[in-house]
Amino acid sequence: MSHSISSSIPMRTLRAVSQLRDSLQPARQAGLTVGLVPTMGALHEGHLSLIRRARERCDVVVVSLFVNPAQFDERADLDRYPRTEREDARLAERAGADILFAPAAEDVYPAGFASCVEVLGITDRLEGAVRGAAHFRGVTTVVTKLFNMAQPDVAFFGQKDAQQALVIKRLVEDLNMPVAIEVCPTVRERDGLAMSSRNAHLLPGERTRATGLFEALEASKRLSREGERRADTLVAAAREALARADIEPEYVALVDPDTLEPVERLQGPALLAISARVGDTRLIDNAILEPSHQEISISRTGASPAKAPA
Ligand code: AMP
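Each chain carries its own residue numbering, running from 1 in the written order of its sequence. It should be noted that, the model being predicted, local features are given only for residues of pLDDT at least 70 and side-chain atom pairs only at 80 or more, the latter also being counted only at that level, while totals for whole chains, interfaces and linings use all residues. Only hydrogens and water are removed before side-chain values are computed, so all heavy atoms of the structure are retained for them.

Bringing the packing of aromatic side chains into the picture now. A pair of aromatic rings is counted whenever rings of Phe, Tyr or Trp (Trp by its six-membered ring) have centres within 6.5 Å, and the orientation is called stacked for planes under 30 degrees apart, edge-to-face for over 60 and tilted otherwise. Under the counting rule described, the total for this entry stands at four aromatic pairs. Ring geometry for Phe66 against Tyr109: centres 6.2 Å apart, planes inclined by 45°, an arrangement best described as tilted. Residue Phe66 is located in the loop between β3 (60-65) and α3 (75-79), and its partner Tyr109 is located in the loop between α5 (105-108) and α6 (126-131); the two are separated by 43 residues in the primary sequence. Accessibility assignment for this pair places Phe66 and Tyr109 in one class, buried. An angle of 80° between the planes, with centres 5.1 Å apart, marks the rings of Tyr109 and Phe113 as edge-to-face. Each residue gets one of three labels from its accessible area relative to the maximum for its type: buried under 20%, exposed over 50%, partly exposed in between, using a 1.4 Å probe on protein chains only. With a relative accessible area of 19%, Tyr109 lands in the buried category. Every member of this aromatic cluster is reached through a ring pair, and the members are Phe66, Tyr109 and Phe113. For helices the rule is a DSSP run of H or I covering at least 4 residues; for strands it is a run of E covering at least 2, with both sets numbered from the N terminus onward.

Structure (structure tokens):
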């Protein structure tokens, strides 16, 4: 159980890196652990689950709030991204944050800024293929900066953005960054839609159709539980469910969860990733598919599936 410094002290909102460093210094000297939850704000239960987890695991909880221009591939998406700092501060504090770090864009990217951090390979696929190389370059650059600013012991990310979490893990490992990455489960609305700041843009009819992404993941999961292992068939089931919701996906892919290489058969856990536009709003979601236990137990006995029923 972590030792909370937040019980009696109200959360502070800080803008400058120097303020952040100064306020974390005493905690660090006292040997307390610092947890960081990077966000772009418009906080919802998904973000709050990360903050609560950080509260459980770390002594000091920093939530960063920065709508990072460098990771937006469309200007219109950046311009209309919801900005709700006052409400975010209230929610972050209630979830257990000690510090809300909300720097200005000019301070994160001052005049003359000329560096970037890039993870190669896994960033070309899925989101990288649709959004372009600049997207993940923007993410890895800002996350590196946030890690340098807050120097957290642990940073918390959501499985909702599975590729992003994988890219950050790669970054930390490749560059020997002294921070542990914890990936937390996707939080969903009651009807299955993954919570996202962008859901606020959905018009009522679109909001109903948007559950098609979750239904697609579930359809494919059901098939895999019944023993289906062919990627084509599992992907086709997801595509059919999307079509029923009148959703044309940008991609539906069954990939290795570590390399993001497409898999042909389900032989171990695989990531089923979907991206689609519903109206003007781009949504992503994913699930881990596992080979059914029935087939696993058959193969463990050493018998071939054909002989097993006898
Ligand atoms: P964002 O503000 O969209 O950049 O998200 C900040 C963090 O919250 C990222 O690590 C996301 O993966 C995570 N996150 C966003 N939505 C959810 C969700 N529905 N469930 C869990 N984590 C989420």
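Structure shown, so let's carry the discussion forward.
Residue-level pLDDT values for the chain average 93, and 92% of them are 70 or greater. Known as pLDDT, the predictor's confidence for each residue is given on a scale from 0 to 100. Contacts are assigned to residue pairs that have any heavy atoms within 4.5 Å of one another. Note that residues 295-310 has pLDDT below 50 and, in this model, eight contacts with residues that lie over four places away or in other chains.

Right, let's talk about the nonpolar core for a bit. Here the nonpolar core consists of buried residues drawn from Ala, Val, Leu, Ile, Met, Phe, Trp, Tyr and Cys, with membership extended through side-chain atoms lying within 4.5 Å. Core analysis: the biggest nonpolar cluster contains 43 residues, and Leu20, Leu24, Val62, Val143, Phe147, Ile168 and Ile181 have the highest contact counts within it. Per element, the largest residue contribution to this core is eight residues, and it comes from helix α7 (residues 133-150). Mapping this core onto the domain boundaries places at least three of its residues in each of domain 1 (12-184) and domain 2 (197-300). Apart from the residues within four sequence positions on either side, Val143 is in contact with Phe157, Ile168 and Leu171. Among the nonpolar cores identified, the runner-up in size contains 26 residues, and Ala238, Ile247, Val252 and Ile274 belong to it. Residue ranges assigned to the domains are those given by an automatic or database domain assignment.

Attention shifts here to the site of the ligand. Near residues are defined by distance, with any heavy atom within 4 Å of the molecule or strand qualifying the residue. Taken together, the neighbourhood of the ligand is formed by 17 residues, with Met40, His47, Asp161, Val187 and Met195 sitting nearest. Take Asp161: an N or O atom from its side chain is 2.7 Å from an oxygen atom of the ligand. In the analysis that follows, any N or O atom pair within 3.5 Å is treated as a polar contact, provided that within protein one partner can donate a hydrogen and the other can accept it, and provided that, for residues neighboring in sequence, both atoms belong to side chains. Take Val187: an N or O atom from its main chain is 2.8 Å from a nitrogen atom of the ligand. The Shrake-Rupley method, run with a 1.4 Å probe, gives the accessible areas here. Residue values count only the displayed protein chains as cover. Relative to its free-state accessible area of 490 Å², the ligand is covered by the protein chains to the extent of 93%. Counting only elements with at least two residues in the shell around the ligand, the list comes to β2 (34-39), α2 (45-57) and β5 (154-158). The element contributing the most residues to the shell around the ligand is α2, with three residues. Note on residue classes: Ala, Val, Leu, Ile, Met, Phe, Trp, Tyr, Cys and Pro are nonpolar, Asp, Glu, Lys and Arg are charged, and everything else, Gly too, is polar. Broken down by class, the residue content of the shell around the ligand amounts to eight nonpolar, seven polar and two charged.

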